[in-house]
Amino acid sequence: MSAVIREQDTLDVARIRRDFPILGRKVRGKQLVYLDNAATTQKPQAVIDRIVRYYTEENSNVHRGVHYLSEVATAAYEAARTTVKKFIHARDEKEIVFTRGTTEAINLVAQTWGRANVEPGDEVLITAIEHHSNIVPWQMLCAEKGATMRVAPVNDAGDVLLDEFRALLTDRTKIVAIGHASNALGTINPVKQMIAMAHDAGAVVIVDGAQGVPHLPIDVQDLGCEFYAFSGHKVYAPTGIGVLYGKEAILDAMPPWQGGGDMILSVTFEKTTYNALPYKFEAGTPNIEGVIGLAAALDYVSSIGIEAIAAHEHDLERYATRRLLEVEGLKIIGTAKSKASVISFTLEGVHPHDIGTILDQEGIAIRTGHHCAQPIMMRFNIPATGRASFGLYNTREEADALVSGLKKVIEVFR
Ligand SMILES: Cc1ncc(COP(=O)(O)O)c(C=O)c1O
């Protein structure tokens, strides 16, 4: 069956793989097959080299010094903001706030915009496929404010039921928090349509783009959302760096979050005045190496082309799905109409943890567990799944290796 499926040559994957030094290593004596990209991606040499250059030639604190190195570091830091702005098609650099990651970006919105605007009796609407980081901050806000969190359900394929989503939007809905793509099921939400529906109801929208930015072209102005959050480490950048995009007017009207250096204009014991955007939300010494590494990663992705990456990953997802369905007793959890390159599955009679452990002996890295999305696991009446997630450097041969590995798992449990 698999032999008749021809690979779409959208990317020169062999060349790309040479850019990622870790992909050449062996794990447990076997060639590494890295299929855990939804958890974090590997880093290209260009990103590693950029960070080394920063520490070798440019290291200094930003925004505060008049000396040469501080100017160089500040210029690199602010140039990175422009790179991010262009990558997600924001209107202005002021709309790009650097955070620790998606989680921190969502918490920032919940705790500043949310605290200032959500009142008792108000509602926050999310969907059933959200990651814990797009559930818990809203639960915390609702508990504090006496508001209610509503959840739009999904069908058995993992598609959000749009009629139910629309029906849950009322004049009490203050904010809608939706994932661009699900890390647990792979579902790509029709976010533009959902944003328009939320706006019709007068709600503000935050999109959790942790699994959007690595796989899809992003144009925040076209989407029209008020906020968009993502993590660098899922798009070939270092850990500990992420972005909150916010429309300028809404960010401007929001109170600051953390207090400290850099987010102020002047401080006396009586009164503090706050800095302009985006610095108002960047208290303290930032993750300078992370910001610079993020720009290098986005430049790398742009040099390949996000459309070509998306096409390659789509091909891998389709191919791997077909091949996985050849495995006896394997069930794919999440068969949405539009999917990112994330495939969750169960294997009859085998706990996902055992699948992961046996595959690891073959050098194959997948993730097993609830994927920080326990409510959607409950929706499908399962405690956990195995999850293979593909990035720009993965190949059909690696999908084949996964299938062979799973056949070994079955032999062990037979
Ligand atoms: C859909 C989604 N949202 C949010 C997050 C949280 O990202 P981070 O841990 O980088 O803040 C993840 C991470 O797995 C994710 O997949």
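Figured I'd write up the structure that's included with this text.

Basis of the calculations
Residues numbered from 1 in each chain as written. Predicted model: local features only at pLDDT ≥ 70, side-chain atom pairs only at ≥ 80, totals over all residues. Heavy atoms only, no water. Pairing = 2+ DSSP bridges. Helix = DSSP H or I, 4+ residues; strand = E, 2+ residues; numbered from the N terminus. Axes fitted to C-alpha atoms, helices over the stretch in contact; angles between N-to-C directions. Contact = heavy atoms within 4.5 Å. Buried < 20%, exposed > 50% of the residue type's maximum accessible area, 1.4 Å probe, protein only.

## Describing the sheet that holds strand β14 (residues 342–347)
Pairing is antiparallel in the open sheet, where 4 strands are placed in the order β13-β14-β17-β16. One side of each edge strand has no neighbouring strand; the edge strands of this open sheet are β13 (330–333) and β16 (367–369). This sheet shows a mean twist of 30 degrees between the axes of neighbouring strands, independent of strand direction. The strands touched by helix α12 (residues 352–361) are β14, β16 and β17 (385–389); relative to β16, the strand with the most contacts, the crossing angle is about 160 degrees.

## Digging into the sheet that holds strand β10 (residues 242–246)
Spatially, 7 strands are ordered β4-β10-β9-β8-β7-β5-β6 in an open sheet, and the strand pairing comes out mixed. Every other strand in the sheet has two partners, leaving β4 (96–99) and β6 (148–152) as the edge strands with one partner each. Each strand of the sheet is rotated relative to its neighbour by a mean of 20 degrees, with strand direction disregarded. Of the strand pairs in this sheet, strand β8 (residues 204–208) and strand β9 (residues 227–231) are connected by 3 bridges, and their pairing is parallel. Looking at β9, one finds that Asp208 is bridged to Ala229.

## A closer look at the side chain of Glu123
Position of Glu123 relative to the elements: it lies in strand β5 (residues 123–127). Residue Glu123 is classed as buried on the basis of its relative accessible area, which comes to 3%. Sequence-distant contacts of Glu123, that is, excluding residues within four places in its chain, are made with Thr148, Arg150, Leu168, Thr170, Arg172, Thr173, Lys174 and Ile175.

By themselves, these are just geometric observations and shouldn't be taken as functional.
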